[in-house]
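# Fold and contact review
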There are 2 protein chains.
Amino acid sequence: MVEQLNQAEREDALDGLPDWDHDEGRDAITRNFTFADFSEAFAFMTRVALLAEKADHHPEWSNVYNRVEILLTTHDAGGLSGRDIDMAQAIDALVE
Amino acid sequence: MVEQLNQAEREDALDGLPDWDHDEGRDAITRNFTFADFSEAFAFMTRVALLAEKADHHPEWSNVYNRVEILLTTHDAGGLSGRDIDMAQAIDALVE
């Protein structure tokens, strides 16, 4: 069982992820990405898919042409866990 | 400029796509797909991405683990066009 972050851990984690927003209703984090075109957007999605499969932790995400929106939460934990923070950092590293 | 389908064309097209729903508010068609797991879902998405890029006609779509939801409409036409019907048929062919 993965444990939800407690309040102090959550605040620390969000401070370290300035490009992500906290969706309080879902206890999730979200980030929107914009690329030059669909080809670049889907190339990014493919890299995220490989990260997700390797970590066995998968995003909720959508794509419209050059835009990708990613939401991370941990269903098993009923909210944000360390696995979401790790995935967000790995995704950020792809676009830095 | 791509032309919107007229009412008769729209009805004929939807009759030929029984697995797709008509979203009247958006004048779009939608279909939900369920796969065994994320790997299968993303493999399908990759094939759809290749179709979309080749046709230069891209879906609005989302994925959560083994589920993929696709919405097709033609922004340039302000609603459904023949390009959406062609894309829906090509997507259906992938999963038949």
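An unreviewed UniProt entry lists chain A under the name Putative pterin-4-alpha-carbinolamine dehydratase, with Stakelama flava as the source organism. Chain A has a UniProt comment under Sequence similarities (unreviewed entry) that states "Belongs to the pterin-4-alpha-carbinolamine dehydratase family." According to UniProt, the comment filed for chain A under the heading Catalytic activity (unreviewed entry) is "(4aS,6R)-4a-hydroxy-L-erythro-5,6,7,8-tetrahydrobiopterin = (6R)-L-erythro-6,7-dihydrobiopterin + H2O".

The operation relating chain B to chain A is a screw motion whose rotation component is 180 degrees, with 0.0 Å of axial translation and a residual RMSD of 0.0 Å. The two molecules are tied by a two-fold rotation axis, judged by turn and shift. Identified as the residue of chain B closest to the rotation axis by C-alpha distance is Ser-62 of chain B, at 2.0 Å. Both copies share a contact surface, since 100% of the interface residues of chain B are interface residues in chain A too.

Spatial ordering of the open sheet is given by E1(A)-E2(A)-E4(A)-E3(A)-E3(B)-E4(B)-E2(B)-E1(B), a layout of 8 strands whose pairing is antiparallel. This sheet does not close on itself; its edge strands, each paired only once, are strand E1 (21-23) of chain A together with strand E1 (21-23) of chain B. Ignoring strand direction, the axes of neighbouring strands in this sheet form an average angle of 20 degrees. Here helix H2 (residues 38-55) of chain A sits on the sheet and contacts strand E2 (28-34), strand E3 (60-64) and strand E4 (67-72) of chain A together with strand E3 (60-64) of chain B; the angle it forms with E3 of chain A, its principal contact strand, is near 165 degrees.

Quick notes on the rules
Residues numbered from 1 in each chain as written. Chains lettered and ligands numbered in written order. Predicted model: local features only at pLDDT ≥ 70, side-chain atom pairs only at ≥ 80, totals over all residues. Heavy atoms only, no water. UniProt positions renumbered as here; feature names shortened; annotations may be inferred. Least-squares fit on C-alpha atoms with pLDDT ≥ 70 in both. Contact = heavy atoms within 4.5 Å. Pairing = 2+ DSSP bridges. Helix = DSSP H or I, 4+ residues; strand = E, 2+ residues; numbered from the N terminus. Axes fitted to C-alpha atoms, helices over the stretch in contact; angles between N-to-C directions.

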